[in-house]
Amino acid sequence: VDEIPGGYSADELSADSPLKRLKSFPQALVLMGRAAVIIRGIASKLEVNYSLADAWEQAAREREPGLPPPWARPEAQAAED
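In short, a report on the structure. (Residues numbered from 1 in each chain as written. Predicted model: local features only at pLDDT ≥ 70, side-chain atom pairs only at ≥ 80, totals over all residues. Heavy atoms only, no water.)

Comments concerning unusual backbone geometry
And then number 1: Despite not being glycine, E47 shows a phi value in the positive range, around 55°.
And then number 2: Along the chain, E47 turns up in the loop between α1 (27-45) and α2 (52-62).
And then number 3: What makes E47 exposed here is its relative accessible area of 75%. (Helix = DSSP H or I, 4+ residues; strand = E, 2+ residues; numbered from the N terminus. Buried < 20%, exposed > 50% of the residue type's maximum accessible area, 1.4 Å probe, protein only.)

Brief notes about a nonpolar patch on the surface
And then number 1: Together, I38, I39, I42, L46, V48 and Y50 make up an exposed nonpolar region whose accessible area comes to about 580 Å².
And then number 2: By the element assignment, I42 lies in helix α1. (Patch = residues over 30% accessible without salt bridge, like charges linked within 9 Å, V, L, I, M, F, W, Y side chains within 5 Å. Areas by Shrake-Rupley, 256 points an atom, 1.4 Å probe, with all protein chains shown as cover. Salt bridge = Lys/Arg side-chain N within 4 Å of Asp/Glu carboxyl O.)

The following block contains the structure:
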């Protein structure tokens, strides 16, 4: 994919990248993304057919609409301090 909706470029270094419009990004999502990449890499190296999306699907479907995920709730943020 070279172009994504809105005329943006999928190349993160392009001047047309949607990333250029971001002012900040939630650190919790960065951590989750890094963890997902690590798990995917380990499964690939060990030749294990594992889908993290499938593993997380049930929890995502059971989350109450409109309620932030557990790691983004105020009580979770307070526990980090």
